[in-house]
Amino acid sequence: MGMFTSALCAFFCSPVYFYKTGRKTAFKVHLVLYIFSALTFWAFLGVPTYAFCVIHTLYCISYDFRLSLMKKQAEMIAEAQHKYQTKDKTETNQKVEA
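Computed from a predicted model, the values in this text were never measured in an experiment.

Put simply, the protein chain has an average pLDDT of 88, and 89% of its residues get 70 or more. The least confident element of the protein chain, judged by mean pLDDT, is helix H1 (residues 3–12) at 86; the most confident is helix H3 (residues 24–39) at 95.

Let us now look at the pattern of salt bridges. All chains considered together, the criterion is met by two salt bridges. For Arg23, the salt bridge goes to Asp64, with nearest N and O atoms at 2.7 Å. Of this pair, Arg23 sits in the loop between helix H2 (14–21) and H3 while Asp64 sits in helix H4 (residues 46–97), and the two are 41 residues apart along the sequence. Look at Arg23 and you get partly exposed, because its relative accessible area is 28%. The exposure class assigned to Asp64 is partly exposed, which follows from its relative accessible area of 22%.

Here we come to the side chain of Ser14. With respect to the helices and strands, the residue Ser14 is situated in helix H2. Exposure remark for Ser14: the relative accessible area of 2% places this residue in the buried category. A polar contact of 3.3 Å, which involves the side chain of Ser14, links it to the side chain of His30.

Turning our eyes to something else, we now look at the packing of aromatic side chains. For the coordinates displayed, the defined rule picks out six aromatic pairs. Measuring from centroid to centroid gives 5.4 Å for Tyr19 and Phe27, while their planes differ by 50°, and the two rings are tilted. Residue Tyr19 is classed as exposed on the basis of its relative accessible area, which comes to 60%. Summarising the aromatic geometry, the rings of Phe41 and Tyr50 are spaced 6.3 Å apart at their centres and angled 90° between planes, so their arrangement reads as edge-to-face. On the basis of relative accessibility, which here comes to 43%, the residue Phe41 falls in the partly exposed class. An aromatic cluster of three or more residues is present, and its members are Phe11, Phe12, Tyr34, Phe41 and Tyr50.

Glancing now at the nonpolar core. Ranked by size, the top nonpolar core spans six residues in total: Cys9, Ala10, Tyr17, Phe18, Cys60 and Ile61. Elements supplying a minimum of two residues to this core: H1, H2 and H4. When sequence neighbours within four positions are dropped, the list of residues in contact with Ile61 reads Met3, Ser6, Ala7, Ala10 and Tyr17.

Calculation rules
- The numbering scheme is per chain: residues are counted from 1 as the chain's sequence reads.
- Only residues with pLDDT of 70 or above have their local features reported here, since the model is predicted, and side-chain atom pairs are shown and tallied only from 80 upward, although totals for entire chains, interfaces and linings are computed over all residues.
- With hydrogens and water excluded, all non-hydrogen atoms of the structure serve as input to the side-chain values.
- As a per-residue measure, pLDDT reflects the predictor's confidence and takes values from 0 up to 100.
- Secondary structure counts use DSSP, requiring at least four H or I residues in a row for a helix and at least two E residues in a row for a strand, with both numbered from the N terminus.
- Here, a salt bridge means any side-chain nitrogen of Lys or Arg that lies within 4 Å of a carboxyl oxygen of Asp or Glu.
- Burial classes follow relative accessibility: with a 1.4 Å probe on protein chains only, a residue under 20% of its type's maximum area counts as buried, one over 50% as exposed, and anything between as partly exposed.
- In protein, a polar contact requires one atom able to donate a hydrogen and another able to accept it; more generally it is a pair of N or O atoms within 3.5 Å, and residues adjacent in sequence count only if both atoms are side-chain atoms.
- Stacked, tilted and edge-to-face are the three classes applied to pairs of Phe, Tyr and Trp rings, where Trp contributes its six-membered ring and a pair requires centres within 6.5 Å; stacked means planes under 30 degrees apart, edge-to-face means over 60, and tilted covers the rest.
- Buried Ala, Val, Leu, Ile, Met, Phe, Trp, Tyr and Cys residues form a nonpolar core when they are joined through side-chain atoms within 4.5 Å.
- Contacts are assigned to residue pairs with any non-hydrogen atoms lying within 4.5 Å of each other.

This is the structure we're talking about:
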């Protein structure tokens, strides 16, 4: 899911995001809280519950996004180090042969 789609999921129905990402425990907890907030929305008891669900889901989305960025950066660094080491080894081998 894209970032925009995930944010829409978080705002309108937070359990859907956790279902799509495969987080079963968070899905169950958010489903219970979402149903509770829907049933008690008229008494304004559901508003803080709904806000908690949305804020927690947005936090999870940003955490996943940051984690994916860190993984990409680590892969780029590892690839650059590998290229540097292979380049350094070939230069050393050429010096030894000469």
